[in-house]
Amino acid sequence: MSAVNKSAEDGGVLSSKVINIVFIILLLDLLGFTLILPLLPSILDHYAQTGDVVYQSLQSVVDLFREAVGIPMEKKYNSVLFGGLIGSLFSLLQFLSSPITGALSDQYGRRPLLLLTTLGLMSSYAVWAVSRSFSMFLLFRVIGGICKGNVSLCTAIMADLPCPKARNRGMAMIGIAFSLGFTVGPLMGAYFAIGSRTTGNVFYQTPALLALAFSVADLLFIWLTLPETLSKDVKASSSGLGDSRDLLNPLALFHFSAVTRTEDPPSKERMQKLQVLGLVYFCYLFLFSGLEFTLSFLTHQRFHFTSMQQGKMFFFIGVIMASIQGGYARRIKPGQHIKAVRVAIITLIPAFILIGLSWNMTMLYIGLALYSFAAAIVVPCLSTLVSDYGSANQKGTVMGILRSLGALARALGPVVSSSVYWIAGAQTCFLLTSASFIIPLALLSTARRLKEE
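The paragraphs below set out a description of the structure included in this document.

Concerning the overall build of the protein
Phase 1 of the analysis: When helices and strands are counted, the protein shows 19 helices and 0 strands.
Phase 2 of the analysis: A globule of 453 residues ought to have a C-alpha radius of gyration of about 22 Å, and the protein, at 22 Å, matches this closely.
Phase 3 of the analysis: Each of the three principal axes of the protein carries a C-alpha extent, and together these read 70 × 45 × 40 Å.
Phase 4 of the analysis: In the protein, which comprises 453 residues, the proportion classed as buried is 54%.
Phase 5 of the analysis: Intrachain contacts of the protein at a sequence separation of at least 6 include 81% that bridge at least 24 residues.

Side note on the packing of helix α3 (residues 53–69) against helix α4 (residues 75–108)
Phase 1 of the analysis: Packing of α3 against α4 brings their axes to within 10 Å, and their N-to-C directions diverge by 110°. When the axis of α3 is compared with that of α4, the two are roughly perpendicular. Once α3 is placed against α4, the crossing between them reads as right-handed. Contacts between α3 and α4 involve Tyr55, Leu58, Gln59, Val62, Asp63, Phe65 and Arg66 on the former and, on the latter, Asn78, Leu81, Phe82 and Leu85.
Phase 2 of the analysis: Residue classes in the contact of α3 with α4 are distributed as 7 nonpolar, 2 polar and 2 charged.

Concerning the packing of aromatic side chains
Phase 1 of the analysis: This model, assessed by the stated rule, comprises 30 aromatic pairs.
Phase 2 of the analysis: Centre to centre, the rings of Tyr55 and Phe82 are 4.6 Å apart; their planes meet at 10°, and the pair counts as stacked. Pair noted here: Tyr55 is in helix α3 and Phe82 is in helix α4, with a separation of 27 residues, a long-range link. The pair formed by Tyr55 and Phe82 is uniform in burial state, with each residue classed as buried.
Phase 3 of the analysis: Note on Phe134 and Phe137: the rings are 6.0 Å apart at their centroids and 35° apart in plane angle, and the pair reads as tilted.

Considerations on the pattern of salt bridges
Phase 1 of the analysis: Across all of its chains, the model carries 7 salt bridges by this definition.
Phase 2 of the analysis: With a shortest N-O distance of 3.4 Å, Asp388 and Arg167 are connected by a salt bridge. Of this pair, Asp388 sits in the loop between α16 (361–386) and α17 (395–424) while Arg167 is found in helix α8 (residues 164–198), placing the two residues 221 residues apart along the sequence.
Phase 3 of the analysis: Exposure remark for Arg167: the relative accessible area of 10% places this residue in the buried category.
Phase 4 of the analysis: Where salt bridges share partners, they join Asp63, Arg66 and Glu67 into one cluster.

Structural notes on helix α2 (residues 40–50)
Phase 1 of the analysis: Residues of α2 that are buried include every one of Leu40, Ile43, Leu44 and Tyr47, and no others. On an axial view of α2, the arc spanned by its buried residues comes to 95°, and they lie on one face.
Phase 2 of the analysis: The inward-facing, buried residues of α2 contact α3, α4, α5 (110–130) and α6 (134–147).
Phase 3 of the analysis: Looking one or two places after α2, you find Gly51, whose phi comes out positive at around 70°.

Comments concerning the environment of Leu220
Phase 1 of the analysis: In this structure, Leu220 sits in helix α9 (residues 205–225).
Phase 2 of the analysis: Residues Leu220 and Thr118 lie 102 residues apart in sequence; the distance between their C-alpha atoms is 9.9 Å.

A closer look at the side chain of Ser124
Phase 1 of the analysis: If you trace the backbone, Ser124 turns up in helix α5.
Phase 2 of the analysis: Its relative accessible area of 1% is what places Ser124 among the buried residues.
Phase 3 of the analysis: Polar side-chain contacts of Ser124 include one of 2.7 Å to the backbone oxygen of Leu121.

So, the nonpolar core
Inside soluble globular proteins, nonpolar side chains tend to come together where they are buried.
Phase 1 of the analysis: Ile43, Trp128, Phe134, Phe137, Tyr284, Phe352 and Ile355 are the most contacted members of the largest nonpolar core, which has 140 residues in total.
Phase 2 of the analysis: Counting residues per element, this core draws most heavily on helix α13 (residues 268–303), at 18 residues.
Phase 3 of the analysis: Leave out the neighbours within four places in its chain, and Ile43 touches Ile36, Trp128, Phe137, Phe203 and Tyr204.

Some points on a nonpolar patch on the surface
Phase 1 of the analysis: A cluster of nonpolar side chains, Val216, Leu220, Trp223 and Leu224, forms an exposed patch at the surface whose accessible area comes to about 440 Å².
Phase 2 of the analysis: According to the relative accessible area criterion, Leu220 is partly exposed, its value standing at 48%.

Some words on α17
Phase 1 of the analysis: Between its first and last C-alpha, α17 extends 42 Å over 30 residues, near the 44 Å set by a 1.5 Å rise per residue.
Phase 2 of the analysis: In the structure, α17 departs most strongly from a straight axis at Leu412, where the bend amounts to approximately 25° and where the proline Pro414 lies between one and four residues downstream.
Phase 3 of the analysis: Taking burial as the measure, the 30 residues of α17 include 22 buried ones, the bulk of the element.
Phase 4 of the analysis: Downstream of α17 by one or two residues, Gly425 has phi in the positive range, about 105°.

Overview of the environment of Pro38
Phase 1 of the analysis: Secondary-structure assignment places Pro38 in the loop between α1 (2–34) and α2.
Phase 2 of the analysis: Take Pro38: its relative accessible area is 33%, and that puts it in the partly exposed class.
Phase 3 of the analysis: Along the sequence, Pro38 and Leu295 sit 257 residues apart, while their C-alpha atoms lie 15 Å from each other.
Phase 4 of the analysis: Setting aside anything within four residues of it in sequence, one finds Pro38 in contact with Pro186, Gly189 and Ala190.

Observations concerning unusual backbone geometry
Phase 1 of the analysis: Notably, Phe256 is not glycine yet its phi reads approximately 50°, a positive angle.
Phase 2 of the analysis: Tracing the backbone through its elements, the reader meets Phe256 in the loop between α12 (250–254) and α13.
Phase 3 of the analysis: Of the residues examined, Phe256 reaches a relative accessible area of 0% and is grouped as buried.
Phase 4 of the analysis: Its identity is not glycine, yet His304 carries a phi of approximately 55°, on the positive side.
Phase 5 of the analysis: Turning to its location among the elements, His304 is positioned in the loop between α13 and α14 (307–327).

Rules of the game
- Residues numbered from 1 in each chain as written.
- Predicted model: local features only at pLDDT ≥ 70, side-chain atom pairs only at ≥ 80, totals over all residues.
- Heavy atoms only, no water.
- Helix = DSSP H or I, 4+ residues; strand = E, 2+ residues; numbered from the N terminus.
- Rg over C-alpha atoms; globule rule 2.2 N^0.38 Å.
- Buried < 20%, exposed > 50% of the residue type's maximum accessible area, 1.4 Å probe, protein only.
- Contact = heavy atoms within 4.5 Å.
- Axes fitted to C-alpha atoms, helices over the stretch in contact; angles between N-to-C directions.
- Parallel < 35°, antiparallel > 145°, perpendicular 65-115°, else oblique.
- Left-handed = near helix turned anticlockwise from the far one by under 90°.
- Nonpolar A, V, L, I, M, F, W, Y, C, P; charged D, E, K, R; others polar.
- Phe/Tyr/Trp six-rings, centres within 6.5 Å; stacked < 30°, edge-to-face > 60°.
- Salt bridge = Lys/Arg side-chain N within 4 Å of Asp/Glu carboxyl O.
- Arc of directions from axis to C-beta.
- Polar contact = N/O pair within 3.5 Å; in protein donor to acceptor, adjacent residues only side chain to side chain.
- Core = buried A, V, L, I, M, F, W, Y, C linked by side-chain atoms within 4.5 Å.
- Patch = residues over 30% accessible without salt bridge, like charges linked within 9 Å, V, L, I, M, F, W, Y side chains within 5 Å.
- Areas by Shrake-Rupley, 256 points an atom, 1.4 Å probe, with all protein chains shown as cover.
- Expected span 1.5 Å × (residues − 1).
- Bend = angle between axes of the 7 residues up to and from the residue.

This is how it looks when you write it as structure tokens:
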């Protein structure tokens, strides 16, 4: 009995070590990734003034969309739309690459793939640092979109952990890394851009070099500290990419078809529940990312927010999310995740109603506080639930497909939501989307009722 206890204790110590290492890896990754966020409008303005041919081509696409839905021709709105177009491109590349990255990690291991994707991100930041044309800037985003597999690989590492309690804590720590990265990174980006201007360099050069430095530090940290969490016998039993159509066909991704291509496929009941959870994840992020995108329109149009006020608003959201993930989310017990997701999505309904109808700052910030609570809970909990599916040699594939569905939702959600916002108005957009959260709630109830063998 003492040997069993000692083995469990050693497993717990190793799990805690892996969780802490992955937290630092992901935090370094996200700090580098988010440095650009406050600079994007200025970067787009910079290339607009240079008369770049590629920029003008994309601007014509933005203009067509703007005229089709009746968006006013204002500099602020144009920056948001152009940034959204680039963000959608990045998300579509993630949609294509995440399942492949995950499947390859099942065959070759998490550590080699994490080193490879981090090298790819390093090259993308190097391109950004030397870019002097919009074509080069776009190349930086394309390379980054293809290589940004770190998040799905980190979730796969957490899914490899043997204990459900450790997996839950690991997914919550990933959420904390996101909250801290998206809170601190943009502030650092804005600060170092000011410093870059004073030295006479292009204003984005110092943030680009800092992103490169974060990526180099990340690579070294992975190389020196991260153990391989996938055992050799599990890697040997992996089918690798299998039928590549299962990883590229959107319909196959929604059905998690790649998970069934094994000698011992999951039961029909388990596959049904996995598919429903994938749909919940997609529907939630489709609605959430759409309203998240239109929030910039609303605060500018109704409250005349400056960039500094926008920054303070997102700082407020980030602090609340990190607090909830560090306190409540990581302590949710196994078996309670569907209930927690349900409560969080229900909270989003009054949150977006309050934001959509807000006529003063108090009402807006109460809505944002509820929004932050829900945002801190849903993705980590759904990731924990999905990580329980698939055999040991399929965790990378499963988490890669989940990440891919989220990327597709983030690519499409802002387009649909901004169209509704400008055609029907802010209140209609927020109220309609709030009501639409009934869809993921209904799917969640279906998942709860499905019994597994």
